[in-house]
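Chain by chain, the residues run as shown.
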Amino acid sequence: MRGASRFRCRQKGRIDGVGEPAARPRQSAFCGSARSQRRDLRNEYVIAVTGTVKLRDANTVNPNMPTGEVELVADELRILNESKLPPFLPSDTALTNEETRLKFRYIDLRRDVMQFNIEMRHKVAKAIRDYLSAQGFFEIETPFMTRSTPEGARDYLVPSRVQPGTFYALPQSPQLFKQILMISGFDKYFQIVRCFRDEDLRADRQPEFTQIDLEMSYPQPERVWEVVEGFLTAAFRAAGSEIKTPFPRMDYDEAIRLYGIDKPDLRLPAFTDVQECFAPENLQQLAVNPNLPVVAIRIPKVGELSRAERDSIKPLFVSKGGAKVFEDFKRIEKNFPEAAAKIVAKSGAEAGDLVVIVAGSAQTGSAQTEEHSALPPHRKVTPQELAIYASAGLLRLGLAQRYSERHGIFKKTGDPEKDFRFLWVTNFPMFEWDEGEKQWNAAHHPFTSPHEEDMPKLEAGVELLNDPQSALSSVRALAYDVVLNGTELGSGSIRIHRQDVQRRIFRALGMTEEEARARFGFFLEALEYGTPPHGGIALGLDRIVMILAGAESLREVIPFPKTARAVDLMVDAPTPVGEKQLRELGIQIKK
Ligand code: ASP
């Protein structure tokens, strides 16, 4: 068989095929006139070879290579392009520092791992697109140059030249456009879309990131969850994992009570409520508030901790609202043997498990005030209780991270049911009190619908806007998050479709009628023209691919990411611009 191939040289004297699937070693051989040219080849040269493909001799067959049974006996070798000596080689086993990788991203992307990650990203996005299209969703584009949509971050602004002094905002999400698409009669919308948020960056945040954004008319939350479970099943299948649906569901309050966080990692044991294990006088002796939660954190298989190790745990505990920690369970066993035995039994602790108790200090105010006992049953977690649970929740995660080698719970088992613990968290509070600003903020975003039964509280609450204890504190949102292994993959809600309710929410958030009209007038107006009930969700594509690729950072799955300082090192952006351009935009830079 005659063959012709284009290659990129990966090591001197060895050539690799280009255009074949990533992560596959490739090989060829030379003979005849090609041999002399081979001497000129250097790393990363691009060449073309013509020759004859023949079976290898039995003793040179390499079963570990896709092309291991054949070789190309080259007649002609042409150098299509040379390469400067690269700062690092795609085949290097030791990774060069990330700055160099990002500056020379086009070389970094040639590495097998990056080819694998980007291919995985493509497959996952395609699986999602195919799934949603088959379910009757239309992929509809929405503008990038638009007005600000509040998602809790700062906007990236684009100055207008035509109308100096005015700015477009890059969308933090297509939220209002997708709602307007529902008003426009497109009942099922989706988009794999870039969003822009100017916020402090972490390993799992980027200033521009990609969401799988969707919206539907007339759904109950369960319908949205079903769609999400469907496309996640397709996405995980594309990456080789069969996940199980439906995902378990948990109320926000329950998540807080059991895990101290609204995105619980179900791979680790939940808290055990050990309040009743102690006799009242025990709690008194321990200076613990009997009206606040007393919880045991259990981390399996940590083994006996030395004194120094126990001391090193203490800084992992960040006390909120008077929470205190008892990290020395041995001492509890010694001083309160009965209580300790009950705790062991109730938490199911086995020999070698680490047990740590978190409780409220006796000095903190009681949670059993009149106001709190008057709270409706679904608002079981009071702000004081939340402080204790949240302190314990962070400690639980800190301990699990610290001892991950010992308990091994985070290691992949190959069983998707164990490796991927999904969860829907539902019934979030509608509002969060901002102590600094002394006002209520939307816990999700201001277009989220309150629970129908909580509407009267909304009425009552807007009369007492400056009161953190007002009825607004117990309004529940029809909002939901999808969580995987303690990471929030996405959040969504059933939306407000009535203009009067929307106005009331803006008012609860401290916006005057004029402010609301100035910012969202177009939307309030659109709501008046026959808006169907609607709801949706958005999930972070980058994060999903990061988890599927087993990558440590979003930068490993985004082709051209930014650094933690929001810089693109390859193109060197952002940069200053010339005086003329600034003048045209009517912008002056203050030194
Ligand atoms: N726009 C929301 C977000 O970006 C998602 C949603 O509510 O659909 O978080």
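Not measured: the values here are computed from a predicted model.

Peer 1: Where do I start with the overall build of the protein chain in this structure?
Peer 2: Check the secondary structure of the protein chain and you find 20 helices and 21 strands. Projected onto the principal axes, the alpha-carbon positions of the protein chain cover approximately 95 × 70 × 55 Å. As presented, the protein chain carries roughly 29600 Å² of accessible surface, and 50% of it is formed by carbon and sulfur atoms. The protein chain carries 80 positive and 82 negative side-chain charges, and their two centres are separated by 6 Å.

Peer 1: Would you mind going over the pattern of salt bridges with me for this structure?
Peer 2: Evaluated as defined, the whole model comprises 36 salt bridges. The partner of Asp108 in a salt bridge is Arg101, and the shortest N-O contact between them spans 2.8 Å. Each member of the pair Asp108 and Arg101 is classed as buried. Salt-bridge contacts for Glu215 lead to Lys178; the nearest nitrogen and oxygen are separated by 3.5 Å. Residue Glu215 is located in strand E10 (residues 208–217), and its partner Lys178 is located in helix H5 (residues 175–183); the two are separated by 37 residues in the primary sequence.

Peer 1: Honestly, a nonpolar patch on the surface in this entry has me stumped. Any pointers?
Peer 2: Among the surface-exposed residues, Phe144, Met145 and Tyr168 lie close enough to one another that they form a single nonpolar patch of about 280 Å² accessible area. Inspection of the secondary structure puts Met145 in the loop between strand E6 (138–139) and strand E7 (157–159). The partly exposed category is assigned to Met145, whose relative accessible area is 49%.

Peer 1: I tried to follow the sheet that holds strand E14 (residues 323–326) on my own but got confused; where do I start?
Peer 2: Strand pairing in a sheet takes place through backbone hydrogen bonds and is either antiparallel or parallel in direction. The 4 strands lie next to each other as E12-E13-E15-E14, forming an open sheet whose pairing is antiparallel. If you trace the sheet from one side to the other, it starts and ends with strand E12 (272–273) and E14, each paired once. Where strand E13 (residues 294–299) meets strand E15 (residues 354–360), 6 bridges bridge the pair, whose relative direction is antiparallel. Bridge pairing in E15 links Ala296 to Ile357.

Peer 1: Would you explain the site of the ligand in this entry?
Peer 2: Close to the ligand lie 14 residues; Glu151, Gln175, Lys178, His445 and Arg495 are nearest. One nitrogen or oxygen atom from the side chain of Gln175 is found 2.6 Å from a nitrogen atom belonging to the ligand. His445 places a polar side-chain atom, nitrogen or oxygen, 2.9 Å from an oxygen atom of the ligand. Burial of the ligand by the protein amounts to 95% of the accessible area it has alone, namely 270 Å². Broken down by secondary-structure element, the contributors of at least two residues to the shell around the ligand are H5, strand E20 (487–494) and strand E21 (534–540). With 3 residues, E21 is the single largest residue contributor to the shell around the ligand.

Peer 1: Where do I start with the pairing of strand E18 (residues 439–442) in this structure?
Peer 2: A regular strand places its side chains on the two faces of the sheet in alternate fashion. Side chains Trp440 and Ala442 project from E18 onto a buried face, and the interleaved Gln439 and Asn441 project onto a face without burial. Direction of pairing for strand E17 (residues 431–434) relative to E18: antiparallel, over a ladder of 4 bridges. Directly across from Glu432, in E18, lies its bridge partner Asn441.

Peer 1: Quick question: what am I supposed to make of unusual backbone geometry here?
Peer 2: In the segment running from Thr245 into Pro246, the intervening peptide bond is cis, with an omega of -5°. As for its placement among the helices and strands, Pro246 is situated in the loop between helix H6 (221–238) and strand E11 (249–251). Cis rather than trans, the peptide bond between Ala573 and Pro574 has omega equal to 5°. Mapped onto the fold, Pro574 is located in the loop between helix H19 (541–549) and helix H20 (579–585). Positive phi, normally seen in glycine, also occurs at Lys301, with a value near 55°. In this fold, Lys301 is placed in the loop between E13 and helix H9 (307–313). Here Lys301 falls in the exposed class, since its relative accessible area comes to 58%.

Peer 1: Teacher, can you tell me more about the sheet that holds E6 here?
Peer 2: Taking strand neighbours across the sheet as the criterion, the 8 strands line up as E6-E9-E10-E21-E20-E19-E16-E11 in an open arrangement whose pairing is mixed. A single partner strand is all that each edge strand has here, and the edge strands are E6 and E11. With 7 bridges joining them, E10 and E21 adopt antiparallel strand pairing. Bridge pairing in E21 links Glu215 to Gly536. Where helix H7 (residues 252–259) meets the sheet, it contacts E11 and strand E16 (422–426), and its direction lies at approximately 85° from that of E11.

Peer 1: How should I be thinking about the packing of aromatic side chains in this particular structure?
Peer 2: Each aromatic ring pair is summarised here by two numbers: the centre-to-centre distance and the angle between the ring planes. Following the criterion strictly, the structure yields 19 aromatic pairs and no others. Above the face of the Phe104 ring, Lys103 is positioned so that its terminal group lies 5.5 Å from the ring centre.

Peer 1: Quick question: what am I supposed to make of the environment of Pro416 here?
Peer 2: In this fold, Pro416 is placed in helix H15 (residues 416–419). Once residues within four sequence positions are removed from consideration, Pro416 is found in contact with Ser241 and Glu242.

Peer 1: Got a minute to help me understand helix H18 (residues 513–527) in this structure?
Peer 2: A turn of α-helix holds 3.6 residues, and therefore any two residues three or four places apart point the same way. Here H18 is 15 residues long, yet its end C-alpha atoms lie only 16 Å apart, well below the 21 Å a rise of 1.5 Å per residue gives. Roughly 90° is the biggest bend found in H18, and it falls at Phe520. Residues of H18 that are buried include every one of Ala516, Phe520, Gly521, Phe523, Leu524, Ala526 and Leu527, and no others. Looking at the buried residues of H18, the elements they touch are H5 and helix H17 (499–508).

Peer 1: Would you mind showing me how to read the nonpolar core here?
Peer 2: For soluble globular proteins, nonpolar side chains are generally found buried alongside one another. The biggest cluster of nonpolar side chains holds 49 residues, and the ones touching the most others in it are Ile297, Leu354, Val358, Leu395, Leu399, Phe431 and Ile505. In terms of residue count, helix H13 (residues 383–402) provides more of this core than any other element does, 6 residues in total. Among residues more than four places away in sequence, those in contact with Leu395 are Ile297, Ile313, Leu316, Phe317, Val325, Val356 and Val358. In this structure, Val224, Val227, Leu484 and Ile537 belong to the second largest nonpolar core, which totals 41 residues.

Peer 1: Looking at this structure, how should I read the environment of Leu268?
Peer 2: Mapped onto the elements of the fold, Leu268 is located in the loop between H7 and E12. A C-alpha to C-alpha distance of 7.3 Å links Leu268 and Ile299, two positions 31 residues apart in sequence. Setting aside anything within four residues of it in sequence, one finds Leu268 in contact with Tyr259, Arg396, Leu397, Ala400, His407, Ile409 and Phe410.

Peer 1: What exactly am I supposed to notice about the pairing of strand E9 (residues 188–196) here?
Peer 2: Buried residues dominate E9, accounting for 7 of its 9 residues. Note that E6 and E9 share 2 bridges and pair parallel. If you follow Glu139 over to E9, its bridge partner there is Phe190. Where E9 and E10 come together, 9 bridges link them in antiparallel fashion. Bridge pairing in E10 links Tyr189 to Glu215.

Peer 1: Explain the packing of H17 against H18 to me, please; I cannot follow it from the model alone.
Peer 2: A pair of packed helices is characterised by two quantities: the angle between their axes and the separation of those axes. Put simply, H17 and H18 touch, their axes get as near as 11 Å, and they point 155° apart. Taken together, the axes of H17 and H18 lie roughly antiparallel to each other. Every pair of crossing elements has a handedness; the one defined by H17 and H18 is right-handed. Taken together, the residues of H18 that come into contact with H17 (itself represented by Gln499, Gln502, Arg503 and Phe506) are Glu513, Ala516, Phe520, Phe523, Leu524 and Leu527. Residues of the contact of H17 with H18, tallied by class, amount to 6 nonpolar, 2 polar and 2 charged.

Thresholds applied
Residues numbered from 1 in each chain as written. Predicted model: local features only at pLDDT ≥ 70, side-chain atom pairs only at ≥ 80, totals over all residues. Heavy atoms only, no water. Helix = DSSP H or I, 4+ residues; strand = E, 2+ residues; numbered from the N terminus. Areas by Shrake-Rupley, 256 points an atom, 1.4 Å probe, with all protein chains shown as cover. Lys, Arg positive; Asp, Glu negative; His and termini not counted. Charge placed at Lys NZ, Arg CZ, Asp CG, Glu CD. Salt bridge = Lys/Arg side-chain N within 4 Å of Asp/Glu carboxyl O. Buried < 20%, exposed > 50% of the residue type's maximum accessible area, 1.4 Å probe, protein only. Patch = residues over 30% accessible without salt bridge, like charges linked within 9 Å, V, L, I, M, F, W, Y side chains within 5 Å. Pairing = 2+ DSSP bridges. Near = heavy atom within 4 Å. Polar contact = N/O pair within 3.5 Å; in protein donor to acceptor, adjacent residues only side chain to side chain. Contact = heavy atoms within 4.5 Å. Axes fitted to C-alpha atoms, helices over the stretch in contact; angles between N-to-C directions. Phe/Tyr/Trp six-rings, centres within 6.5 Å; stacked < 30°, edge-to-face > 60°. Lys NZ or Arg CZ within 6 Å of the ring centre and 35° of its normal. Expected span 1.5 Å × (residues − 1). Bend = angle between axes of the 7 residues up to and from the residue. Core = buried A, V, L, I, M, F, W, Y, C linked by side-chain atoms within 4.5 Å. Parallel < 35°, antiparallel > 145°, perpendicular 65-115°, else oblique. Left-handed = near helix turned anticlockwise from the far one by under 90°. Nonpolar A, V, L, I, M, F, W, Y, C, P; charged D, E, K, R; others polar.

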